[in-house]
Every structure is written in structure tokens, then in C-alpha cells.
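# Coordinate inspection notes
The chain contents come next:
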Amino acid sequence: RGQAHGGLEPLRAVSESGACAEVFDDQHLLIVDPHHGQFPVERVSDLFDGCSLRVAVPRRRVFVSRSDGLIQHRPVVWYPGAGAEQIESAIVKACGFAVGTAIEVMDGDVAVVISATIPNDSALTAVPLAPEGGSVVVTGSRAGSGQIPLPPNGCLPRSPESPRGPRTRTATTPTVPPRSGTRAGANSVPRSAAASAGPVGAGQRARSGTPQHPGGAGYPARPGTGGSRTGSPSRPCGGGYGAELPAPASPATPGLAVAPAPAPSPEQPAPGSAGASAVAAASAGADEHCVHILAGHAGPVLSLCTVGDVLFTGSQDCNIMIWDLNNLQYIGTLPGHTGPVKCMAATLGRKMLCSGSQDKTIKVWSLETFSSTKTFLGHSSEVNTMTVLENSEVLLSGGEDRSVRVWDLLSLTLLASLEQAHLSGIFAVKQLDGSSFVTASRDRTIKVWTTSTWQARCTLNPPHYDAVSDVAAGSRQGRLFSASRDRSIRRWDVQSLESDLQLTNAHSDWITCLALSSSENTIFSGCRDATVKVWDSELRCMTTLTGHRGPITALLTVDGHLFSASHDRTVRVWRVDQFEKS
């Protein structure tokens with residue numbers, strides 16, 4: 001673009017440099033270094049006299065096919081800021097349907113809600129919708145006679161609204177102002193600068209305005225971005241505090257989320273084959289308890305956390321996505337980490353979210369401004385697990401460096417460092433009671449620590465035969481459950497610290513995570529084989545939840561619902577209150 005500005009006044013913040021260069025929040029300002037390539041501007045000190053800057057606009061792309069096979073894998077491209085109507089119009093045009101044709105977009109047998117957060121390079125199928133016995137007008141060189149008659153049941157109906165999410169109370173979503181000014185490239189969906197967003201109810205969001213989405217370019221996302229340039233309105237959440245959030249991009253249909261595009265598998269049967277019907281039947285049964293699917297991350301979802309009415313999901317794409325638990329709609333994205341977000345913990349009292357990453361850092365986020373306020377440095381390797389102790393302002397973190405670190409959330413300083421806490425990486429740290437906590441490690445052991453001296457109290461015996469991947473502690477029943485890569489689950493008595501029950505071969509592969517219901521009478525276990533099993537307190541299996549297409553990475557219970565995160569880039573929401581009654 002050449003020299004755009006010169007002789008600028010000294011800048012006080014990175015946002016001022018973006019404003020001077022007319023860079024919007026859904027774009028990236030890069031410094032071009034002839035010796036070291038290009039990297040994002042993260043602080044004012046990165047800028048220097050005579051530096052070359054470049055504006056990068058991450059693009060999104062999907063491949064669409066028609067259900068009748070006339071068009072296969074045609075690309076549809078858009079840039080940040082495109083609305084759901086614009087993307088749908090581009091898909092209609094790419095498939096050769098007449099302008100204004102209503103379509104249903106499918107990923108296999110799963111309906112996909114059109115939004116700007118559909119994962120990159122997804123392979124989707126467009127099915128035209130028409131009245132019963134009607135016809136769909138087709139355009140283009142392959143349209144034939146111009147109309148394709150549809151059988152009485154040849155078209156999918158519009159998806160009805162799905163039931164509300166885990167929380168029954170409602171929240172009012174303010175008007176979201178549209179963004180403008182983003183450049184559009186060839187074959188992309190143009191941005192409509194004149195679009196406006198009206199008032200939106202609890203069951204839907206404004207379709208204009210697109211969140212910053214990870215993975216659009218080959219460089220880390222710039223910290224602190226998100227939201228429209230003019231600022232998003234304040235939105236109530238959690239305990240009633242307002243938050244300036246990135247402008248939400250929502251699905252077109254209320255109550256539905258974007259379904260993922262799975263990676264092609266050579267073992268997956270081809271459509272119409274003998275195995276395809278069996279797979280479809282299995283999928284139908286798998287969704288019996290699944291009430292919602294959250295999608296939008298560009299990589300595996302690795303961690304889950306809730307605070308108030310907000311769900312946070314951390315991913316291998318280095319971003320944290322925010323969801324409203326009232327209606328399970330997307331709110332915004334927190335970029336900033338330069339490595340996968342492996343763990344999170346939050347405290348509503350301090351209005352803080354803490355996130356640990358493979359980049360060896362822990363970031364502290366304000367739940368009032370949704371911006372990073374502090375970065376803890378100290379772990380020499382990736383941070384695997386963390387928890388906030390109840391009734392205190394203390395954060396515990398465990399890492400691959402075999403240490404446990406204690407952080408004061410009041411002063412945002414390091415209180416203690418428990419070096420060599422285990423002989424190998426630490427996979428889980430959980431509070432046991434008011435005066436102790438437990439850690440689990442790859443070294444097969446579980447240790448109990450006291451919070452008064454930060455010293456090890458004991459090591460639980462007998463140990464597992466492989467790495468202990470997770471623990472779940474319940475204060476009501478006085479029980480601790482541990483899961484291991486040896487495929488077993490053990491129950492421990494909190495008072496005696498002895499194992500009183502062991503279940504071997506609980507899963508067919510590594511058990512990766514555990515969760516307890518609110519009553520602590522139901523246990524959920526996730527496995528690398530993509531299944532979640534439901535157990536009673538005596539470790540009797542009640543059912544197996546199937547539907548994910550990759551290893552389960554994290555589990556979380558909220559009221560009568562279970563959230564499961566997976567390598568398939570989605571979070572599934574399961575209704576599980578019926579197991580409590582049984």
C-alpha cells in the first residue's frame with residue numbers, strides 16, 4: 001500500500017496504531033521484517049521509525065455440493081463481517097439455485113446453521129426447500145430445463161426451534177451495531193455497510209457483525225481484539241455485571257448451533273453403501289440425549305469452564321469462545337494465547353477467568369471488560385490443569401514441568417511454587433475439602449496436599465497402572481473418583497483416603513476426563529474412543545453417550561445437562577437429569 005502515514009504523534013496503545021492505519025478489529029496489523037518475516041503488532045514498543053506495516057484480512061472458505069450431485073465441492077469464500085444472509089446467498093448462487101431459494105445446509109445427516117463461524121474447509125451439502133409438491137428453479141449451464149420437480153417429500157422442512165438450553169431464565173440481548181469497512185476479495189461475500197441490526201430476543205442474536213474467528217491466517221491472533229470498531233453495547237451476564245463483548249455472529253435459526261465438518265476418513269462408508277444405513281441408524285440413536293451442538297472452533301476443543309450464565313470453551317486454535325448458557329448462543333472470542341488453551345478456571349466473586357496454555361503462560365481475564373489483565377509467567381512447560389480454591393482467592397496450576405504453582409488472585413502474584421511435586425507431568429488438580437487438594441500425574445500417582453503449608457500430606461495407594469488422567473471430588477458424599485489410561489476408574493473415601501471400589505476395563509481405550517453430577521450420585525467419564533459413559537455411584541454403567549467423532553477431552557455438568565468437548569471441534573450438550581431420577 002506504500003507509505004500511508006508519517007510523523008505520527010507518540011502512541012499510547014496498540015489500538016491507536018490500528019485506528020491510524022484504518023485497521024478494523026476483525027483484521028490484523030502486521031509488521032513486515034525483511035529478516036524475520038511478518039508478525040502481529042502486540043505492543044507499542046514493536047513499532048519503530050520506518051517500519052513497514054501490512055493489513056491482513058483472514059478469509060473463510062467452505063466447499064458446497066448440491067444434494068442432487070449436479071455440483072460438487074464448489075468453494076464459497078467470505079471475509080470477516082459477512083452476515084449469515086450474505087453467506088447463504090453465496091451458497092445459493094454457487095449451487096446454481098435461483099436467487100432467493102431457501103436451502104438447508106447439511107453436514108452428513110446433521111443440519112448446519114449458516115453463520116460466519118462455520119469451520120474452514122468444511123464440506124457441506126445444500127438441499128433446496130420448497131412447498132410440498134413444488135419445484136425449485138435452477139440456474140446456470142447445468143440447470144437443464146431450468147426446474148427440477150420435487151417429490152412430495154423431496155425437500156427438508158425448515159428446522160423448528162430447539163428447546164431452550166440448560167438455564168430456563170431469560171436474558172435480553174441488546175442491539176448489535178453492524179461493522180463496516182472490511183475489504184472483500186474476488187468470489188467473497190460482500191460486506192453490507194448499510195445493514196442494521198434490530199432488537200434481538202433471548203432466543204436469537206443479530207446476524208450482522210462477525211466475531212474474530214481463529215485460524216483464518218497463519219499467525220497468532222492479536223490479543224485484546226474482538227468486537228466492532230464502534231464498540232459493542234453492554235450485555236448483562238452472570239451475576240449482573242455488564243461486559244463489552246465482541247459483536248456476536250449468530251446462527252440463522254434460533255436454538256441451533258453450527259455443526260462441524262469432520263475430517264474425511266477412509267473407514268467411513270460411502271453414501272448409499274451397505275454400511276451407510278447402519279451408520280445413519282447408529283447416529284440417530286446416538287443423538288437421543290443430545291440436545292445441542294456448539295461449534296465454531298478451528299481446532300479440537302480442549303477445556304470447558306462456566307461462571308454465572310456464561311460458558312467458556314478453550315481450543316487448540318489458541319482461542320477461547322464465549323457462549324450464553326441461557327440460549328446456548330455464541331457471544332464472542334478471547335484471543336491472546338499463542339498455544340492451545342488446555343485448562344480454565346473462573347471465580348465469579350473476583351469476576352475473573354484464568355486460562356492455561358501450551359505456551360507456558362496463564363492469562364487472567366476480566367469478566368467485566370472481557371480483556372486480559374495479567375499474564376502469569378513461571379511454568380517452564382505447558383500448563384495442563386488449574387482450579388480456584390473455594391472461599392479463597394487462590395489459583396492452583398499444574399504443568400508438564402511437574403510443578404504446582406499457587407497464585408494470589410488479589411495481588412496477582414505467585415504465593416508458592418511446589419517444584420517436583422510429581423515425577424512426571426501433572427494432569428489434574430482439584431480441591432478435596434476446605435483444607436486440602438489433590439493432584440494426579442502421568443507418574444500413575446495421586447497426592448493429597450494441605451493448603452495451610454502447601455506440603456504433601458500423603459500419596460494414595462495402590463496406584464493406577466498407567467497415567468492418572470483426571471480426578472473428580474465430591475464434598476457432599478465424601479468421595480473421590482480417579483480415571484486412568486489403564487482404562488480403570490477408582491473410588492476413594494475422602495476420610496480414610498483408601499480405595500473402596502475399582503472398575504477395570506471401564507472403557508475400551510484411555511479414559512481422559514471425569515465429571516460428577518450436582519448430586520454426586522452420577523459419574524460421567526470420557527474416553528479416547530469418542531464415547532461418554534454414565535455411571536451410578538457404585539460404578540454401574542447406565543448408558544453410553546455416542547455422537548462425537550473424536551476423543552473426548554473435557555466434561556462439565558451444569559444443572560441437569562452435561563457438556564462434552566471433543567477433538568471433533570464441537571461441544572455437545574446432553575440432557576442427563578433423567579439419570580439422577582433413576
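Sequence order as written defines the numbering, with residues in each chain counted from 1. For a predicted model such as this one, the threshold for reporting local features is a pLDDT of at least 70, and the threshold for listing and counting side-chain atom pairs is 80 or more; totals across whole chains, interfaces and linings nevertheless cover every residue. To get the side-chain values, take all heavy atoms of the structure and skip hydrogens and water.

### Considering the overall build of the protein
Across its full length, the protein holds four helices and 41 strands. Taken over 582 residues, the protein has a buried fraction of 54%. Sequence separation of at least 24 residues holds for 52% of the intrachain contacts in the protein that already meet a minimum separation of 6. Of the roughly 24600 Å² that the protein leaves accessible, carbon and sulfur atoms contribute 50%. To qualify as a helix, a DSSP run of H or I must reach at least 4 residues; to qualify as a strand, a run of E must reach at least 2; elements of each kind are numbered from the N terminus. Each residue is placed in one exposure class: buried if its accessible area under a 1.4 Å probe, protein chains only, is under 20% of its type's maximum, exposed if it is over 50%, and partly exposed if it falls in between. Only heavy atoms enter the contact rule, under which two residues are in contact if any of them lie within 4.5 Å. In short, Shrake-Rupley with a 1.4 Å probe defines the accessible areas, and a residue's cover is counted only from the protein chains shown.

### Re the nonpolar core
General note: in soluble globular proteins, nonpolar side chains tend to be found buried as a group. In these notes, a set of buried Ala, Val, Leu, Ile, Met, Phe, Trp, Tyr and Cys residues joined through side-chain atoms within 4.5 Å is what counts as a nonpolar core. The biggest cluster of nonpolar side chains holds 19 residues, and the ones touching the most others in it are Trp 78, Ile 91 and Ile 103. Listed by contribution, the elements that provide at least two residues to this core are strand E4 (60-66), strand E5 (74-78), helix H2 (84-94), strand E6 (103-107) and strand E8 (122-128). One finds Leu 294, Met 321, Trp 323 and Phe 563 within the second-largest nonpolar core, a separate group that totals 16 residues.

### Some points on the packing of aromatic side chains
Between the rings of Phe, Tyr and Trp (Trp by its six-membered ring), a pair exists once the centres lie within 6.5 Å; its type follows the angle of the planes, with under 30 degrees stacked, over 60 edge-to-face, and the other angles tilted. Applying the stated criterion to the full structure yields five aromatic pairs. With a centroid separation of 6.2 Å and an interplanar angle of 50°, the aromatic rings of Phe 437 and Trp 454 are classed as tilted. Here Phe 437 is found in strand E28 (residues 436-441), whereas its partner Trp 454 is found in the loop between strand E29 (446-450) and strand E30 (456-459), with 17 residues between them in sequence. The exposure class assigned to Phe 437 is buried, which follows from its relative accessible area of 0%. Under the relative-accessibility criterion, Trp 454 is labelled buried at 16%. Ring pairing ties together the aromatic residues Phe 437, Trp 449 and Trp 454, which thus form one cluster. Positioned above the aromatic ring of Trp 510 is the side chain of Arg 485, whose terminal nitrogen or guanidinium carbon lies 4.0 Å from the ring centre. Think of it as a cone above the ring: NZ of Lys or CZ of Arg counts as a charge over the ring if it is within 6 Å of the ring centre and within 35 degrees of the ring normal.

### What about the pattern of salt bridges?
The term salt bridge refers to a pairing of a side-chain nitrogen on Lys or Arg with a carboxyl oxygen on Asp or Glu at a separation within 4 Å. Going through the model one piece at a time under the given rule, you end up with 13 salt bridges. The salt bridge partner of Asp 107 is Arg 549, with a shortest N-O separation of 3.8 Å. Separated by 442 residues along the polypeptide, Asp 107 in strand E6 and Arg 549 in the loop between strand E38 (541-545) and strand E39 (552-558) bring together distant segments of the chain. In this structure Asp 107 comes out as buried when scored by relative accessible area, which is 4%.

### Describing the pairing of strand E17 (residues 320-324)
Counting buried residues in E17 gives five out of five residues, a clear majority hidden from the surface. Residue alternation in E17 divides its side chains into two sets, Ile 320, Ile 322 and Asp 324 and Met 321 and Trp 323, and both sets are buried. Should DSSP find at least two bridges between two strands, the strands are taken to pair. Sheet analysis places strand E16 (residues 310-315) next to E17, joined by five bridges and oriented antiparallel. Its bridge partner lying in E17, Phe 312 is registered against Ile 322. In this structure, the hairpin formed by E16 and E17 is closed by a connection of four residues, where Cys 318 is found at a positive phi of approximately 75°. Both E17 and strand E18 (residues 329-334) contribute to a ladder of five bridges, which runs antiparallel. Following the sheet pairing, Ile 322 is matched in E18 by Gly 332. Turn length for the E17-E18 hairpin, with the two strands adjacent in sequence and antiparallel, is four residues, and the turn residue Leu 328 shows positive phi of about 60°.

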